[in-house]
Amino acid sequence: MNADKIHQRSIPQTTTLLKTSNNVSINNFNLKKTNNSTTNWVWGSFADASFLQWTTSDVFGLFKYHPVPCFFAVSLLFFMGVEYTLRMIPPSSPPFDIGFVATAYLHRVLVASPTLNTVLAGLNTVFVGMQTTYIIGTWVIEGRPRATIAALFMFTCRGILGYSTQLPLPEGFLGSGADFPVGNVSFFLFYSGHVAGAVIASLDMKRMHRWELAFLFDTLNLLQVVRLLSTRGHYTIDLAIGVGAGMLFDSLAGKYMKKAMAEGGDVLMGSKKSADPGWTYGTLVEGSKTSVRCNFCAFVSTGGITRHKHHLAWDSPDVARCPKVPDDVKKLFIELFEKKKRVKEAANSIPHFDEVVELEENDEDEEAAQPQSKGKRVASSAGATASDANKKAKGPLYAMFKPSLTSGKKAGNLVGSVEHNETQKKLRLDAVQKFSRWMYDAGLSFNAVMYDSLGPAIEAIGRYGCGMKPPTYHEVRVPMLKLEMEHTKKILRDNEVEKSTYGCSLMADGWRDRKGRALINFLVNTPRGSMFVESVDASAYSHTGDNMFKLLDRLIQEVGPNDIIQLVTDSASNNVAVGKLVEEKYPHIYWTPCAAHCIDLMFEDIFKLPDLKGCLERAIAVNTYIHNRTLLLNMMREFTGQKDMVRPAKTRFATAFITLNCFKVNKQNLKKCSPPKSGAQASSQRRLEVHV
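Thresholds, definitions, all that
Residues numbered from 1 in each chain as written. Predicted model: local features only at pLDDT ≥ 70, side-chain atom pairs only at ≥ 80, totals over all residues. Heavy atoms only, no water. Helix = DSSP H or I, 4+ residues; strand = E, 2+ residues; numbered from the N terminus. Buried < 20%, exposed > 50% of the residue type's maximum accessible area, 1.4 Å probe, protein only. Contact = heavy atoms within 4.5 Å. Areas by Shrake-Rupley, 256 points an atom, 1.4 Å probe, with all protein chains shown as cover. Salt bridge = Lys/Arg side-chain N within 4 Å of Asp/Glu carboxyl O. Patch = residues over 30% accessible without salt bridge, like charges linked within 9 Å, V, L, I, M, F, W, Y side chains within 5 Å. Axes fitted to C-alpha atoms, helices over the stretch in contact; angles between N-to-C directions. Parallel < 35°, antiparallel > 145°, perpendicular 65-115°, else oblique. Left-handed = near helix turned anticlockwise from the far one by under 90°. Nonpolar A, V, L, I, M, F, W, Y, C, P; charged D, E, K, R; others polar. Pairing = 2+ DSSP bridges. pLDDT = per-residue confidence, 0-100. Phe/Tyr/Trp six-rings, centres within 6.5 Å; stacked < 30°, edge-to-face > 60°. Lys NZ or Arg CZ within 6 Å of the ring centre and 35° of its normal. Expected span 1.5 Å × (residues − 1). Polar contact = N/O pair within 3.5 Å; in protein donor to acceptor, adjacent residues only side chain to side chain. Right-handed = clockwise from strand over helix to strand, strands pointing away. Core = buried A, V, L, I, M, F, W, Y, C linked by side-chain atoms within 4.5 Å.

Novice: What am I meant to see in the overall build of the protein here?
Specialist: Of the regular secondary structure elements, the protein holds 30 helices and ten strands. Classification of the 692 residues of the protein by burial places 31% in the buried group. Residue pairs at least 24 apart in sequence account for 59% of intrachain contacts in the protein once pairs closer than 6 positions are excluded. Here the protein has roughly 45,300 Å² of accessible surface; of this, 61% comes from carbon and sulfur atoms.

Novice: What exactly am I supposed to notice about unusual backbone geometry here?
Specialist: The phi angle of most residues is negative, glycine excepted, and most peptide bonds adopt the trans form. Residue H209 is not a glycine yet carries a positive backbone phi of 60 degrees. Residue placement: H209 occurs in the loop between α10 (193-207) and α11 (211-230). Despite not being glycine, W314 shows a phi value in the positive range, around 60 degrees. Residue placement: W314 occurs in the loop between α13 (305-313) and α14 (327-347).

Novice: Help me out: how do you make sense of the pattern of salt bridges in this one?
Specialist: Any two side chains of opposite charge can pair if their charged atoms end up close together. Summed over the entire model, instances satisfying the criterion amount to 13 salt bridges. Ionic pairing is found between D494 and R528, a salt bridge with its closest N-O pair at 3.8 Å. With D494 in helix α22 (residues 493-502) and R528 in the loop between β7 (518-526) and β8 (529-537), this pair connects stretches of sequence that are 34 residues apart. For R528, a relative accessible area of 51% corresponds to the exposed category. Put simply, R146, D204, R207, D250 and D328 are held in one network by salt bridges that share partners.

Novice: Looking at this structure, I do not really get a nonpolar patch on the surface. What am I missing?
Specialist: A contiguous nonpolar surface patch, about 460 Å² in accessible area, is contributed by L152, F153, L248, L252 and Y256. Elements with a contribution of two residues or more to the nonpolar patch: α9 (146-164) and α12 (236-262). With three residues, the top contributor of residues to the nonpolar patch is α12. Relative to the helices and strands, L252 resides in helix α12.

Novice: Teacher, can you tell me more about the packing of helix α23 (residues 545-559) against helix α24 (residues 573-585) here?
Specialist: Describing two packed helices takes the angle between their axes plus the distance from one axis to the other. Close contact between α23 and α24 brings their axes to 9 Å; oriented N to C, the two are set at 50 degrees. Between α23 and α24, the angle falls in the class oblique. For the crossing formed where α23 meets α24, the hand is right-handed. Note on element contacts: α24 touches α23 through N574, N575, V578, L581, V582 and K585, opposite G545, D546, M548, F549, L552, D553 and I556. For the contact of α23 with α24, the class distribution of residues is seven nonpolar, three polar and three charged.

Novice: It is not clear to me how the sheet that holds strand β1 (residues 282-284) should be interpreted in this structure. Could you clarify?
Specialist: In a beta sheet, neighbouring strands are held together by backbone hydrogen bonds and run either parallel or antiparallel to one another. Strand order in this open sheet of three strands is β1-β2-β3, and the pairing throughout is antiparallel. With one partner strand each, in any of the chains shown, β1 and β3 (300-301) form the two edges of the open sheet. The pairing of strand β2 (residues 292-294) with β3 spans two bridges and is classified as antiparallel. Across the sheet, the residue bridging to V292 is S301, located in β3. Helix-sheet contacts for α13 involve β1, β2 and β3, and the interaxial angle to β2 is about 20 degrees.

Novice: What should I look at first to understand the sheet that holds strand β6 (residues 504-512) in this one?
Specialist: One open sheet holds the five strands; their spatial order is β8-β7-β6-β9-β10, and the pairing between them is mixed. For this open sheet the edge positions go to β8 and β10 (590-593), each flanked by a neighbour on one side alone. Mean inter-strand twist for the sheet, computed between neighbouring axes without regard to direction, equals 25 degrees. Pairing between β7 and β8: eight bridges, direction antiparallel. By the bridge assignment for β8, N525 is matched with S530. Strands in contact with α24 are β9 (564-569) and β10; relative to β10, the strand with the most contacts, it is inclined by about 160 degrees.

Novice: Mind showing me how you'd approach the confidence of the model for the protein here?
Specialist: A low pLDDT score tells you not to read the predicted coordinates there in detail. Here the protein averages 75 in pLDDT, while 75% of its residues score no lower than 70. Predicted confidence for residues 350-412 stays below pLDDT 50, and this span has 61 contacts to residues more than four positions away or in other chains. Contacts from residues 687-692, a stretch scored under 50 in pLDDT, to residues over four places away or in other chains number 13 contacts.

Novice: Sorry if this is basic, but what is going on with the packing of aromatic side chains here?
Specialist: Within a pair of aromatic rings, the relevant descriptors are the distance that separates the centres and the angle that separates the planes. Inspection of every chain in the model, using the stated rule, returns eight aromatic pairs. Centre to centre, the rings of F71 and F72 are 5.7 Å apart; their planes meet at 65 degrees, and the pair counts as edge-to-face. Over the ring of W314 we find K330, and its NZ or CZ is 4.2 Å from the ring centre.

Novice: What is the right way to look at the side chain of Q224 in this model?
Specialist: Turning to its location among the elements, Q224 is positioned in helix α11. Here Q224 is in contact with N124, F127, V128, Q131, H194 and V195, once residues within four sequence places are set aside.

Novice: Which parts of the structure should I look at to understand α10?
Specialist: The first and last C-alpha atoms of α10 sit 21 Å apart over 15 residues, in line with the 21 Å expected at 1.5 Å per residue. Residue S192 occupies the N-cap position of α10, its side-chain oxygen lying 3.3 Å from the main-chain nitrogen of V195. Among the residues trailing α10, H209 stands out with phi positive, at a value near 60 degrees.

Novice: In this structure, what is going on with the pairing of β9? I would like to understand it.
Specialist: Bridge count for β6 against β9 is four bridges, and the pairing is parallel. Counted as the bridge partner of L506 is L567 from β9. Strand direction decides the pairing type here: β9 and β10, joined by four bridges, are parallel. By the bridge assignment for β10, T569 is matched with P593. At this point the chain moves from β9, through α24, to the parallel β10, and the crossover so formed is right-handed.

Novice: Teacher, can you tell me more about the packing of α10 against α11 here?
Specialist: Interaxial distance between α10 and α11 falls to 8 Å at its minimum, and their mutual angle equals 165 degrees. Put simply, α10 runs roughly antiparallel to α11. Here α10 runs over α11; the crossing is left-handed. Where α10 approaches α11, its residues H194, V195, A198, V199, A201, S202, M205 and K206 are matched on the opposing element by W211, L213, A214, F217, D218, N221, Q224, V225 and L228. Considered class by class, the residues forming the contact of α10 with α11 number eleven nonpolar, four polar and two charged.

Novice: Explanation requested: the nonpolar core in the structure shown.
Specialist: Ranked by size, the top nonpolar core spans 31 residues in total, and within it Y281, F296 and L312 carry the most contacts. For this core, the secondary structure elements donating two or more residues are α8 (114-140), α9, α10, α11, α12, α13 and α14. Listed in part, the 22 residues of the second largest apolar core include M548, L552, V559 and L567.

Take a look at the structure:
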């Protein structure tokens, strides 16, 4: 079992599996033991615990599918053991720091070389300046204040924590006048603002896909950590918390930005145009009112701020996509457009026919609902407020009922009036247009509208009214299909009754599909009609009489041998043998050859006559000659009314008769396609005409 499913177990099942030695559940035992509700709840919760259902495969699955949490769990146990066995550092001893131990050699080098310490301090100050310049530049130059907000959050929190717990300088601290703050004589140890600032800048670079610059900052930050440990400027815990603080406050700044933009407020931009979040990542081109330059890729959108937002969201095929947009920014604008779309759909949820059917504010149904007193209308408890509320759009039922003609109110669009008929025509035209558009999109045949099941479907949608959601893919594929199967079985119950009362015919229809598979469809025919039984792929075994008999015998047993009167197959030799075997085993069942197949064979024998065979061959040759020449084929279709000589038929040999009949019907038109012939060609044509 997958470890993900450990917490998905049904709670009631656990109580039945936990048994005592007396075969009594712990829940029942404790209920008899005490009446204390608290105790019962505790024992009941324990009995319903999820781990009681765990198996060995669940435990191994936990390690397999969740290795990271398992690693941290093992680490927790390890460090708990270390914590409870490690002796505390005495107050008189210096603190132990593993970073100081690792950089002891570098510390001795810097103590021996103050000049080197000053040079490294100056380089570290330059790196701090690089961080500051980049973080402020993202806001002032690029208009992206997230990194600046994160730095403000981080340094504010650092100041509060550093002032709350003021730690002494580590033993062996090496200060320098080139350090920042100058001299490093007064600063907060917890936590490192240098490291946190570098992390914030690096995260912003990665969001902007500035991978090389981010790698440079990460490398310099690592060297900065080594230098701070070597000079004893920070404890290891200060540097580690600095990394975490940079990530934390960058995430908080991102959430703040997202909330501020979603509410439409400006985010440290200082201009009116910043109310639209698109201006956070774009600037207006000087001298233009509609051209916006992207802050990420410098692409200029000429369609205004909306087109610029589509440029960042990647949601329009007509707008170029920004190759450098961060994922969080792209997701932000996608959500904004989706929200705008939902608001628009909600505003348009009231159907337009409620606007064209202009019924009176207080219609006759409302008057009938009010109690009458002395011929006057009694005021409702809602007073004028209810009257104002009645001004909302009317539902579709208002277009179906006729107001009373005896009331003193002005009549609306009455059913049967000219206005009502025009409204209904407009509504139907709009509905049919949208339904037809769906058919075109789905590629449905035009004959689909002739199915009897369409009318009830349209009526059911109309009864539901406005706001109906279309069926989902899962609904039509699983639950609705099951319901339709049940519905079909109910319809076939009458056929089952007819089959038991009057008997039936078992029919076998063999054919080959495009893949060359030999398929046999079995159907049962009763006076009420035919119903499908089963389709068998008979490609895997030879169609001998014995094999076909076994197959038909199984079908006869499934349908019911006492209900079958007749077996219908084609008249192939193997099926003739099968018919005899069936009649021997079931004397009351008669084998009958298929009439269509017999007629097909008769046609085949007719065209074996020499005269008809030669006539058909010449007709096919003429037809082939015409179809192999595009210009001649086009000319023939012009004279025959776009008709071809070879037309498909349900049986193979009936096509020959239909083809010759087409030649006879279009004989004069075919003559117009060619000039008069002489000699042998004319006599050949006359022979063809005689046979036709």
